[in-house]
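Take a look at the letters that make up each chain.
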Amino acid sequence: MNESFGARLRARLDVCGPLCVGIDPAPALLDAWGLDDSPSGLERFARTVVETVAELAAVVKPQSAFFERWGSRGVAVLERAIADLREAGTLVLLDVKRGDIGSTMAAYAEAYLDRGSPLAADAVTLSPYLGFGSLEGAIASAVANDAGVFVLARTSNPEAAELQRLVAGQVLAGAAAVNAGHTPFGPVGVVMGATLPEVEHPLTGLNGPILAPGLGAQGATPADVARLFAPVRHAVLPSVSRAVLADPKRLRSRVLHYRDECVAHLTPEAAGRR
């Protein structure tokens, strides 16, 4: 029997510390690296990040859109990055933010979660705005494939606040219901921004991981994450992208810096020192 996503994530967090590194090959970053904004530049960027980060971060999160914009050539680069990361034992969270109903949701699940797919990841991001129930097929596929999903709840972009305040409680309740009885984590995580001024809903009953984007370039620090998610710090996965990707010469050192800071503020040992 294969290990569940929750078990694999807990083991990876315990070994590497709580850090997710994004692979976001935006044109500005390719230019900063001295690379052409082309499929070949994309491939060199992605392979360098994978080779540098795979053994350092608990989770690596490719942003699918930056690969998709090059069509089949970009998707081929993404497939290679996913395969190389998984071969190295790194957990892959594919940032696709998909959300639909019925057969379309099932097709997304087959593309990103089915073990036989060339794009199969350990987990994906999903949007719940067609109703939490619309995610049923993807969640079932995740469970069947020992994978996970991270559902948008309270993201870090300011324009989302008004809408997400209305539905975040339903998202968290839906995730908690699916996760009940699972150890060490259930298959449904949530996305909650590290730059939020406060967490407006209790998270202690979630029983799932929390992806907290916003570390670094958006202004959040590991100390902010520890304060914001203090009751569930053991379950938080802060995510950093631009702050480590800006300079290829400093990529490794910046990842190690953020990893060490996250360990210092978010591990059980850190909680005991406070």
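The name an unreviewed UniProt entry assigns to the protein chain is Orotidine-5'-phosphate decarboxylase, from the organism Actinomadura luzonensis. Here is the UniProt Sequence similarities (unreviewed entry) comment for the protein chain, exactly as written: "Belongs to the OMP decarboxylase family. Type 2 subfamily." Under the UniProt heading Pathway (unreviewed entry), the note attached to the protein chain is "Pyrimidine metabolism; UMP biosynthesis via de novo pathway; UMP from orotate: step 2/2."

Turning to a nonpolar patch on the surface, a few remarks are in order. Residues Tyr 129, Leu 163 and Leu 166 make up a contiguous nonpolar surface patch of about 310 Å² in total accessible area. Note on placement: Tyr 129 falls in the loop between strand E4 (123-126) and helix H7 (136-144). Looking at Tyr 129, the relative accessible area reads 32%, which means it is partly exposed.

This paragraph deals with the environment of Leu 196. Here Leu 196 shows up in the loop between strand E6 (188-192) and strand E7 (210-215). By relative accessible area, Leu 196 is classed as buried at 6%. Residues Leu 196 and Asp 114 lie 82 residues apart in sequence; the distance between their C-alpha atoms is 33 Å. Among residues more than four places away in sequence, those in contact with Leu 196 are Arg 154, Thr 155, Arg 227 and Leu 228.

About the cut-offs
- Residues numbered from 1 in each chain as written.
- Predicted model: local features only at pLDDT ≥ 70, side-chain atom pairs only at ≥ 80, totals over all residues.
- Heavy atoms only, no water.
- UniProt positions renumbered as here; feature names shortened; annotations may be inferred.
- Patch = residues over 30% accessible without salt bridge, like charges linked within 9 Å, V, L, I, M, F, W, Y side chains within 5 Å.
- Areas by Shrake-Rupley, 256 points an atom, 1.4 Å probe, with all protein chains shown as cover.
- Salt bridge = Lys/Arg side-chain N within 4 Å of Asp/Glu carboxyl O.
- Helix = DSSP H or I, 4+ residues; strand = E, 2+ residues; numbered from the N terminus.
- Buried < 20%, exposed > 50% of the residue type's maximum accessible area, 1.4 Å probe, protein only.
- Contact = heavy atoms within 4.5 Å.

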